[in-house]
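These are the residues of each chain, in order.
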Amino acid sequence: MATRRWPGLGPVFAYEWLTASRRWQCYGLRSLLVLLLLFGLSAVWLGNRDGAGELSVQQMAEVGRAFYAVTTLILLGLVGLAAPAATAGAICLDKARGNLTLLLATDLTDAEIVLGKLAARLVQVLGLIACAAPVLGLSTLLGGVDPAMTTGAILVCLACAVFGCTLALTLSVWGRKTHEVLLATYAFGVSWLLAAPIWAVLVSNLPTWARSAWLPNYLALLPYNPVFLVLAPLNAPAALGPVGLATQARFCALGLLTSALLAVAATWRIRAVVIRQAGRVEAIRRAARRGPLYRLVRLLPSPSLDGNPVLWREWHRRRPSRWSVAVWGLFGVLSSGFSLWAIVDTLDGAGPGGREGAGVIGGVQVAAGLLLLSVSAATSLAEERQRGSLDVLLSTPLSTRSIVLGKWWAAFRGVPPLAMWPVLIAGALATHTGFALAPALIGGLVLAYGAAITSLGLALATWLPRMGQAIGLTAGLYIIVLIGAVPVGMNFFGASPNAAAAGAGFAAASPFWGVGFSSAMFGGAAGPRNDIEEQSAWLVLWILAYGLVAFGLLLATLKTFNRCLGRIDDT
């Protein structure tokens with residue numbers, strides 16, 4: 001073929017790219033991105049219009065800077081989600097189907113297989129950046145933003161896109177399931193974003209005698225944080241110095257170099273790993289059944305086989321793998337450590353700053369935990385549908401209702417443990433104001449968030465035949481609500497000082513804001529105390545709203561399940 005003349009690329013790239021270019025979802029995602037960008041620009045424009053007539057040059061510059069901040073954050077968020085989702089199943093799905101073993105038997109080189117799959121999926125993600133670049137350029141027309149800032153932001157997004165795709169593809173070589181690869185990739189991304197603020201807090205709280213000369217200062221990791229890099233040209237810390245195009249270009253170069261090393265590692269090990277895993281599937285399963293983790297899980301209470309056979313099957317079929325244990329174990333250790341520190345500090349009489357930090361810790365762990373849950377929510381059904389094992393379940397006399405509800409409860413079972421630490425933090429904070437309903441409201445809010453995400457993932461896995469699309473869209477919609485609810489609430493509902501409480505209440509639609517800000521308010525560290533009752537009313541409203549969304553999506557899934565999956569309706 002002509003593509004053989006391309007170094008490293010070949011028939012695999014030609015086939016993958018031809019297949020991807022004929023899917024409407026690729027173009028729909030690009031249109032959705034531009035729509036979100038234009039919606040963000042409209043929100044910024046309306047939020048800065050105070051009805052005082054023509055805007056001054058200074059006001060126009062402020063609007064341009066706000067345009068830049070909103071568009072770069074939306075683009076960076078979607079690229080961070082879409083890049084791993086595009087390549088997470090590139091290798092492990094073909095391994096599960098047996099296609100990759102046959103592909104390795106041909107005369108194709110390992111580089112052609114790995115780089116062909118990577119390039120075909122990377123082109124789709126780079127298309128998102130290309131679509132957003134003209135919209136991002138609109139901010140330069142209003143002043144306050146020079147072209148170097150937009151160029152630097154595009155370079156940062158480019159590095160994140162290439163690194164996200166390459167990391168997910170490399171993990172896919174060793175991983176066996178798509179959702180495990182996505183969990184590991186997203187967990188790494190969240191850890192990297194939180195590394196800079198965590199390091200800053202740790203170093204700032206160190207006693208003077210413990211600060212060695214060789215120890216990096218508290219701002220050392222900020223130049224490697226993509227969110228900071230795209231926003232730093234607007235307002236960088238004075239201690240760090242100016243952050244411009246050179247710093248962003250260095251970050252892009254480091255990202256591309258790291259991606260190249262990951263691609264080399266994947267190319268070097270793919271053949272050996274695939275051959276080894278192909279002959280050890282049954283041995284690994286038998287070893288897992290004899291392992292200590294399996295024996296520990298068996299001691300936990302499990303659902304009854306007679307009560308709900310599907311839930312029983314999900315409980316015993318989806319044993320936690322090493323990847324899942326590592327990701328959720330790391331999340332549990334970090335959440336427990338910081339939560340305990342926040343609770344002890346709060347009960348020890350922390351000031352407003354410490355109590356506000358405790359609320360932020362609760363909000364961050366809920367936001368990160370629900371992101372990981374959004375990956376797993378669509379997996380229970382989508383993975384079986386992708387592998388073909390769902391047909392066996394559909395051929396049984398089990399009713400559609402029992403199948404759907406069993407899948408739903410299996411995905412929802414991870415939500416109650418996620419609510420434990422935020423509830424305890426809210427209870428500790430409430431001791432400063434005496435608001436006894438704080439733990440119940442925070443717990444109900446987390447459960448409502450989790451129920452809505454679980455129903456959304458199950459519905460999308462039913463309606464969309466491709467697992468990557470279902471997982472990516474579930475996580476994407478969650479991120480849109482997580483980030484977008486705060487500026488929408490503040491700009492449209494809390495623009496005036498008298499409506500600030502309404503803006504904060506509407507922003508509680510975001511899990512981070514709903515848990516973090518509300519917990520801090522219940523502790524007397526955010527907002528006036530007379531707004532606690534109004535914020536509580538907003539939380540009750542969102543608990544009911546998300547509960548209705550979860551129930552409505554579950555009903556829609558029940559109504560469309562048979563038609564989407566080709567099953568005869570129950571009689």
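Scoring rules and cut-offs
Residues numbered from 1 in each chain as written. Predicted model: local features only at pLDDT ≥ 70, side-chain atom pairs only at ≥ 80, totals over all residues. Heavy atoms only, no water. Phe/Tyr/Trp six-rings, centres within 6.5 Å; stacked < 30°, edge-to-face > 60°. Helix = DSSP H or I, 4+ residues; strand = E, 2+ residues; numbered from the N terminus. Axes fitted to C-alpha atoms, helices over the stretch in contact; angles between N-to-C directions. Parallel < 35°, antiparallel > 145°, perpendicular 65-115°, else oblique. Left-handed = near helix turned anticlockwise from the far one by under 90°. Contact = heavy atoms within 4.5 Å. Nonpolar A, V, L, I, M, F, W, Y, C, P; charged D, E, K, R; others polar. Buried < 20%, exposed > 50% of the residue type's maximum accessible area, 1.4 Å probe, protein only. Polar contact = N/O pair within 3.5 Å; in protein donor to acceptor, adjacent residues only side chain to side chain. Salt bridge = Lys/Arg side-chain N within 4 Å of Asp/Glu carboxyl O. Expected span 1.5 Å × (residues − 1).

Trainee: Looking at this model, I keep getting lost on the packing of aromatic side chains. Mind explaining?
Mentor: We describe a pair of aromatic rings using the distance from one ring centre to the other and the angle between the two ring planes. Scanning all chains against the criterion turns up 10 aromatic pairs. Taking the centre distance of 4.6 Å and the plane angle of 10° together, the rings of W513 and F517 count as stacked. With W513 and F517 both in helix α23 (residues 511-522) and four residues apart, the pair spans about one turn of that helix. Here a set of aromatic residues connected by ring pairs shows up, and it is made of Y449, F506, W542 and Y546.

Trainee: For this particular structure, what's the right way to read the packing of helix α1 (residues 11-21) against helix α6 (residues 110-137)?
Mentor: Axis angle and axis distance: for two packed helices, these are the angle between their axes and the distance between the axes, and together they describe the pair. Running from N to C, α1 and α6 cross one another at 25°; their axes reach a closest spacing of 7 Å. The angle between the axes of α1 and α6 places the two elements in the roughly parallel class. Crossing angle aside, the handedness with which α1 passes α6 is right-handed. For the pair α1 and α6, the contacting residues are P11, V12, F13, E16, W17 and A20 in the first and E112, I113, G116, K117, A119, A120, R121, V123 and Q124 in the second. For the contact of α1 with α6, a count of residues per class yields nine nonpolar, two polar and four charged.

Trainee: Quick question: what am I supposed to make of the side chain of S374 here?
Mentor: Here S374 is to be found in helix α15 (residues 352-377). In this structure S374 comes out as buried when scored by relative accessible area, which is 0%. At 2.5 Å, the side chain of S374 and the backbone oxygen of L371 are in polar contact. Every residue in contact with S374, bar those within four places of it in the chain, is listed here: I453, T474 and A475.

Trainee: Is there a simple way to explain the environment of L141 in this structure?
Mentor: The topology assignment puts L141 in the loop between α6 and α7 (147-174). A relative accessible area of 67% places L141 in the exposed class. Note: C-alpha distance between L141 and G64 (77 residues apart in sequence) is 7.5 Å.

Trainee: Help me understand the environment of V549, please; the structure alone is not making it clear to me.
Mentor: Looking at the secondary structure, you find V549 in helix α24 (residues 532-565). Residues V549 and A448 lie 101 residues apart in sequence; the distance between their C-alpha atoms is 9.2 Å.

Trainee: Help me understand the pattern of salt bridges, please; the structure alone is not making it clear to me.
Mentor: One side chain can pair with another of opposite charge once the charged atoms of both are near each other. Following the criterion strictly, the structure yields three salt bridges and no others. Here E16 makes a salt bridge to K117, at a shortest N to O gap of 2.9 Å. Highlighted residues: E16 in helix α1 and K117 in helix α6, separated in sequence by 101 residues. We note that E16, like K117, is buried. Note that R121 and E16 form a salt bridge whose closest N and O atoms lie 2.9 Å from each other. Taken together, the positions of R121 in helix α6 and E16 in helix α1 put the pair 105 residues apart, joining distant regions of the chain. Taking relative accessible area as the criterion, R121 reaches 15% and is therefore assigned buried.

Trainee: Looking at this structure, I do not really get α23. What am I missing?
Mentor: Because each turn of an α-helix spans 3.6 residues, side chains separated by three or four positions end up pointing in the same direction. With 12 residues, α23 extends 16 Å between its outermost C-alpha atoms, agreeing within 8% with the 16 Å of an ideal straight helix rising 1.5 Å per residue. Across the 12 residues that make up α23, a large majority, 11, are buried. Within the sequence span of α23, burial applies to P511, W513, G514, V515, G516, F517, S518, S519, A520, M521 and F522. A positive phi of about 75° marks G524, the residue just after α23.

Trainee: In this structure, what is going on with the side chain of T170? I would like to understand it.
Mentor: Inspection of the secondary structure assignment puts T170 in helix α7. By relative accessible area, T170 is classed as buried at 6%. Only 3.3 Å separates the side chain of T170 from the backbone oxygen of L262, close enough to count as a polar contact. Apart from the residues lying within four places of it in its own chain, the contact partners of T170 are L262, A263 and A266.

Trainee: Would you mind going over helix α14 (residues 322-347) with me for this structure?
Mentor: Across its 26 residues, α14 extends 36 Å between first and last C-alpha, which sits within 8% of the 38 Å expected from 1.5 Å per residue. Within the sequence span of α14, burial applies to S324, V327, F331, S335, S339, A342, I343 and T346. The inward-facing, buried residues of α14 abut α8 (178-204), α15 and α19 (415-430). G349 sits one or two residues past α14 and shows a positive phi near 90°.

Trainee: Explain the packing of helix α18 (residues 400-412) against α24 here, please?
Mentor: Between α18 and α24, the least distance of the axes is 10 Å, while the angle of their chain directions is 130°. With respect to α24, the element α18 is oriented oblique. Of the two possible hands of crossing, α18 and α24 adopt the one that is right-handed. Across from T400, R401, I403, V404, L405 and W408 in α18, the residues of α24 making contact are L554, T557, L558, F561 and N562.

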